[in-house]
Amino acid sequence: MAASSHAFSGNLKKALAGLRRINLDGLRWRVFDAKGQVLGRLSSQIATVLQGKDKPTYAPNRDDGDMCIVLNAKDLSVTGRKMTHKFYRWHTGYVGNLKERSLKDQMEKDPTEVIRKAVLRMLPRNKLRDDRDGKLRIFSGSEHPFNDRPLEPSVMPPRNVREMRPRARRALVRAQKKLEQGNTMVDTQRKKEGADASSGEVKSTEATA
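Numbers given to residues run from 1 along each chain, matching the order in which its sequence is written. Per-residue local features of the predicted model are confined to residues with pLDDT of at least 70, and side-chain atom pairs are confined, for both listing and counting, to 80 or more; whole-chain, interface and lining totals are unaffected and use all residues. As a rule here, side-chain values cover all heavy atoms of the structure and leave hydrogens and water aside.

## Quick look at the overall build of the protein
Argument step 1. Each helix and strand counted, the protein has eight helices and six strands in total.
Argument step 2. Counting from the N terminus, the helices are the DSSP runs of H or I reaching at least four residues and the strands are the DSSP runs of E reaching at least two. Moving toward the C terminus, one meets the helices and strands of the protein in the order α-α-β-α-β-α-β-β-α-α-α-β-β-α.
Argument step 3. Taken over 209 residues, the protein has a buried fraction of 29%.
Argument step 4. Pairs of residues are marked as contacts when any of their non-hydrogen atoms sit within 4.5 Å. The long-range share in the protein, meaning contacts at least 24 apart out of those at least 6 apart in sequence, stands at 71%.
Argument step 5. Approximately 14500 Å² of the protein is accessible, and the part contributed by carbon and sulfur atoms is 52%. For every residue, the accessible area obtained with a 1.4 Å probe (protein chains only) is divided by the maximum for its type, and the residue is called buried under 20%, exposed over 50%, and partly exposed between those limits. Accessible surface is estimated by sampling points in the Shrake-Rupley manner with a 1.4 Å probe; for residues, cover comes only from the protein chains shown.

Put into structure tokens, the structure is as follows:
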């Protein structure tokens, strides 16, 4: 641990906090690469591993989940307009002090908290929640102080892209045809204007001659 700790340039105290209270016997060290991954799909996979649901010995009253290391949290992706339309809200306790922060601002401030909040809200709200949270280690970059551990890279399942519904497909085809018609009309208008300009120049030269 000492050699890998010296190579880690982040907050080592935060990265190693609470490891002594975790019984690491028989636990696997799963590594998730968040680069290019969708927030919801990645968080659901991490929550499954933290609860131990991927093991045949799973029981809801036991904490048999593995250690999860998440890398490249700053390169996380979201679908739709969530980057600007998703907000985190909290209250300070004083009257009128409802605070909010967009997902974009949170990614700039601390991208690790985005994944942590998403995973925690997918875990059952019981006494095991804090212990499972302690097994989750998130890093904004690709560096981490656990290189001396037997790491196992986790492969995300393939994403099933739903086919476009017939109504939406017809609307897309109509929009494409409308765009093509607009482009052809613009081209013909430009050609007509060019022809009119050239004919006007010919007439002016003939009149001067």
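## Thoughts on the pattern of salt bridges
Argument step 1. Take a side-chain nitrogen of Lys or Arg and a carboxyl oxygen of Asp or Glu: if they are within 4 Å of each other, that pair is a salt bridge. A complete count under the given rule lists 13 salt bridges for this structure.
Argument step 2. Glutamate 100 is the salt-bridge partner of arginine 89, the closest N and O atoms lying 3.2 Å from each other. Here arginine 89, found in strand E3 (residues 87–91), pairs with glutamate 100, found in strand E4 (residues 98–102); they are eleven residues apart in sequence, far enough to count as distant.
Argument step 3. Overall, arginine 89 belongs to the exposed group, its relative accessible area being 53%.
Argument step 4. Among the salt bridges present, the one from arginine 116 reaches glutamate 113, with a minimum N-O distance of 3.8 Å. Placement of both arginine 116 and glutamate 113 in helix H6 (residues 111–120) is noted, with a separation of three residues, approximately one turn of the helix.
Argument step 5. Connected through shared salt-bridge partners, Arg28, Arg30, Asp54, Lys55, Asp66 and Glu152 make up one network.

## Describing helix H3 (residues 39–51)
Argument step 1. The end-to-end C-alpha distance of H3 is 18 Å, a good match for the 18 Å that 13 residues give at a rise of 1.5 Å each.
Argument step 2. Where H3 is concerned, the buried positions are Leu39, Leu42, Ser43, Ile46, Ala47, Val49, Leu50 and Gln51.
Argument step 3. Where H3 is buried, its residues touch strand E1 (29–33), strand E2 (67–71), H6, helix H7 (129–134) and strand E5 (136–138).
Argument step 4. Following H3 by one or two positions, glycine 52 adopts a phi angle in the positive range, close to 80 degrees. Any helix carries an expected span of 1.5 Å times its number of residues minus one.

## Some points on the pairing of E3
Argument step 1. Here five bridges tie E3 to E4, and the two strands are oriented antiparallel to one another. What sits directly across from histidine 91, in E4, is leucine 98.
Argument step 2. DSSP calls a pair of strands paired once it identifies at least 2 bridges connecting them. Between E3 and E4, which follow one another and run antiparallel, lie six residues, and glycine 93 among them has a positive phi close to 105 degrees.

## Describing the packing of H3 against H6
When two helices pack together, their arrangement is given by the angle between the helix axes and by the axis-to-axis distance.
Argument step 1. Only the contacting stretch of a helix is used when fitting its axis, a line to C-alpha atoms as for every element, and angles between N-to-C directions run 0 to 180 degrees. The interhelical angle for the contact between H3 and H6, taken along N-to-C directions, is 60 degrees, at an axis separation of 9 Å. As the angle between them shows, H3 and H6 are arranged oblique. In this structure, H3 meets H6 at a crossing whose hand is right-handed. Contacts between H3 and H6 involve Leu39, Leu42, Ser43, Ile46, Ala47 and Leu50 on the former and, on the latter, Val114, Ile115, Ala118 and Val119.
Argument step 2. Looking at side-chain class alone, the contact of H3 with H6 contains nine nonpolar, one polar and no charged residues. Angle categories: roughly parallel below 35 degrees, roughly antiparallel above 145, roughly perpendicular from 65 to 115, and oblique for all the rest. Whether a crossing is left-handed or right-handed is set by the direction in which the near helix is turned from the far one by less than a right angle, anticlockwise for left-handed and clockwise for right-handed. Three classes are used, and their members are as follows: Ala, Val, Leu, Ile, Met, Phe, Trp, Tyr, Cys and Pro are nonpolar, Asp, Glu, Lys and Arg are charged, and the others, Gly among them, are polar.

## Concerning the confidence of the model for the protein
Argument step 1. Each residue carries a pLDDT score, the predictor's confidence in it, ranging from 0 to 100. For the protein, mean pLDDT is 86; residues scoring 70 or higher make up 89% of the total.
Argument step 2. Element-level mean pLDDT values for the protein span from 52 in helix H1 (residues 2–7) up to 96 in H6.

## Description of unusual backbone geometry
Argument step 1. Unusually for a residue other than glycine, asparagine 72 sits at a positive phi of about 55 degrees.
Argument step 2. Within the fold, asparagine 72 resides in the loop between E2 and helix H4 (82–85).

## Structural notes on the nonpolar core
Argument step 1. Among the nonpolar cores identified, the biggest contains 24 residues, and Leu42, Ile46, Val70, Leu76, Ile115 and Leu136 are the most heavily contacted of them.
Argument step 2. Sorting the residues of this core by element identifies H3, E2, helix H5 (103–109), H6 and E5 as the ones contributing at least two each.
Argument step 3. The leading source of residues in this core is H3, at six residues.
Argument step 4. Those residues in contact with valine 70 that sit more than four places away from it in its chain are Phe32, Ala34, Ile46, Ile115, Leu136, Arg137, Ile138 and Phe139. Side-chain atoms within 4.5 Å are what join buried Ala, Val, Leu, Ile, Met, Phe, Trp, Tyr and Cys residues into a set we call a nonpolar core.

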